[in-house]
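# Coordinate inspection notes
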Amino acid sequence: TAYHVVRAHAKKYGCDVPVFVDVHDELGMAGGATAACSGMLHPMAPSGKPLWEGERGCRETLALLRVAGATRDGVARRTGALRVAKHKDQETAFAATCGGEQQQQQHRKGRWSPRLFTQADAQRALPGVAMTTNAALFVPGAMVVNAVEYVSRLMDLANRRAEATGGAVRIVKERVRSATEVAQACDGVIIAAGAAVGSLCDVDAVLYDAWKSGDGCDDGTSIARVPVELCHGEAVHLAPTPSSLSSSASLLGSHYVAMGSRYIAVGATRRKLEGVATLQPDELRPTADIDAASSMLDAASARLPSLVASDCDAFSMVSGVRASSPRTEHGCAPIVGRAPRHSGVWLAVAVGARGLVYHAYIARLVAEALVSGE
C-alpha cells in the first residue's frame, strides 16, 4: 500500500512535492499473519473455482514482484500448482471449470488459467502425489513467494522513491486506537490492518451501521464488533528443499505443500475463533498447537509420500490469524473502498488467506483514489 501511495503521488505531483507515508504497525513490518502464510500465489479457490478477480490480482502481484526484484533470485519462484480431485463429483466439477476442448486450448495459453490434468499428467508435475481419481487442476503460473522478504524489499523501494521527492516512508511501531483521529492529522488513512482491524475502537462506524455494537469509543477502550470472521492456523517449514522435489509443482488442497526455493511450507491447520469480534495486535501471534500441526503434517505426507522419504527436517512452526468477510455470491470478497461518512479514511481489509492475490490490486485502487480524491 505504501508503495502505491508513493507511486500515485509521484504520478500526480512529480518529484516537486514531498510525500510522507507512515505505516503504523505495533508488531513491525510483516509481523502478523504475513510471516505465517504459505506464500502461494494462484487465482483458484479451494473448490477449484476461480477466485473473484483472482487472475487480475495475480497479474498485479507479479508486476510488483518484478519491480521489487523478487523474481530474479528465488524470493519468488514459479512452481505451478496442482489441485487433485478427491472424488468423482470433484472430478466432474474440475472438468466443468476447464470447459470443453476449445476452452481448454484457450486455458493452455494463459499463465493463470487452470488446466485439466489426468493422473499421468499430475505425476509428471508432482511425482508420487497420491490420487484416487483421474483428474486434477494445474495452474502453470502459480508461484511460491517468501512474503516477509518480498514485503521488506517493497518497503525499501517505496522509501527510496519517497526520498526522491524529499519525503520518506516510515514504520511506526505503536498501537493505533482510532483511525478517524489519525485522519485529522494527515491527508488520508488507509486501514489495512488484517486480523487487528477490530482493535480500532471506531472501526464499526467506519464499516457498516448494520454491525454497530453501540459501545462507541467513549472510554477509549471499547471493542467494536466488525463484519469479519477470524481464523487461526499453523504451518510447518521444512528445510532444505530436497533435490527430488526442487523442480516439483506445489500441492493445493485442504493441506498444502508449497515448494519454496529455501524451504517447503506445509499447512495449514484451521480453527475459527468463534464469538471473537476482534484481536489486539499483541494477540495476533497465538501459541502454536504442536499436536494439531503434527497431525496436519501427517495428513500432508499421506497426500505426498515423498515428503516422508525426503531428507528435509522441520525447522520452524509458524502461526497467525486471518480475517475474512462474510461469504457472498462472490465468495469471501475483500472489503474495499472509502469509509462512509469519514472523510479521508479508506478500507482495504478482510482479504483472508488471499493477501498475496489481492494486495497489489487493492492497494493500487485505494492509493490512486486517495491521492486523486475520487
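Quick summary incoming for the structure in this document. Just so it is clear, the model here is predicted, and its values are computed rather than measured. (Residues numbered from 1 in each chain as written. Predicted model: local features only at pLDDT ≥ 70, side-chain atom pairs only at ≥ 80, totals over all residues. Heavy atoms only, no water.)

### Description of helix α6 (residues 147–163)
Along its 17 residues, α6 runs 24 Å from first to last C-alpha, staying within 8% of the 24 Å computed at 1.5 Å per residue. Packed against the buried residues of α6 are α1 (2–13), β1 (20–24), α2 (54–67), β7 (143–145), β8 (168–172) and α11 (355–372). (Helix = DSSP H or I, 4+ residues; strand = E, 2+ residues; numbered from the N terminus. Expected span 1.5 Å × (residues − 1). Contact = heavy atoms within 4.5 Å.)

### Here we look at the pattern of salt bridges
Across all of its chains, the model carries ten salt bridges by this definition. Several salt bridges converge on common partners, so that one network encompasses Glu60, Arg364 and Glu368. (Salt bridge = Lys/Arg side-chain N within 4 Å of Asp/Glu carboxyl O.)

### Points about the pairing of strand β12 (residues 256–259)
Within a regular strand, side chains alternate between the sheet's two faces. Burial of β12 is two-sided: the residues Tyr256 and Ala258 facing one way and the residues Val257 and Met259 facing the other way are all buried. Pairing between β12 and strand β13 (residues 264–267): four bridges, direction antiparallel. Bridge assignment links Ala258 to a residue of β13, and that residue is Ala265. (Buried < 20%, exposed > 50% of the residue type's maximum accessible area, 1.4 Å probe, protein only. Pairing = 2+ DSSP bridges.)

### What about the side chain of His4?
With respect to the element layout, His4 can be found in helix α1. Residues in contact with His4, not counting those within four places in the same chain, are Leu64, Ala360, Ala363, Arg364 and Ala367.

### With respect to the packing of aromatic side chains
Aromatic ring pairs: the centre-centre distance and the angle between the two ring planes describe each pair. Inspection of the entire model under this criterion finds two aromatic pairs. Ring centres of Trp52 and Tyr358 lie 5.7 Å apart, and the angle between their planes is 50 degrees; on these two criteria the pair is classed as tilted. Note that Trp52 is positioned in the loop between β2 (40–41) and α2 and Tyr358 in helix α11, a separation of 306 residues in sequence. On the accessibility criterion, Trp52 (31% relative accessible area) is partly exposed. Arranged with centres 4.8 Å apart and planes meeting at 15 degrees, the rings of Phe117 and Phe138 form a pair that is stacked. With Phe117 in strand β5 (residues 115–117) and Phe138 in strand β6 (residues 136–139), this residue pair connects regions lying 21 residues apart in the sequence. The pair formed by Phe117 and Phe138 is uniform in burial state, with each residue classed as buried. (Phe/Tyr/Trp six-rings, centres within 6.5 Å; stacked < 30°, edge-to-face > 60°.)

### Considering the sheet that holds strand β17 (residues 345–349)
As summarised here, the arrangement of the three strands in space is β9-β17-β16, forming an open sheet in which the pairing is mixed. Each edge of the sheet is formed by a strand with only one pairing partner; in this case those strands are β9 (189–191) and β16 (335–338). Geometrically, the sheet is characterised by an average inter-axis angle of 20 degrees between neighbouring strands, direction not taken into account. Relative to β17, β16 runs antiparallel, the two sharing four bridges. (Axes fitted to C-alpha atoms, helices over the stretch in contact; angles between N-to-C directions.)

### Here we look at the sheet that holds strand β3 (residues 76–78)
Read from one edge of the open sheet, three strands run β2-β7-β3, paired in antiparallel fashion. Unpaired on one side and paired on the other, β2 and β3 mark the two borders of the sheet. Of the strand pairs in this sheet, β3 and β7 are connected by three bridges, and their pairing is antiparallel. Paired with Arg78 across the two strands is Met143, which belongs to β7.

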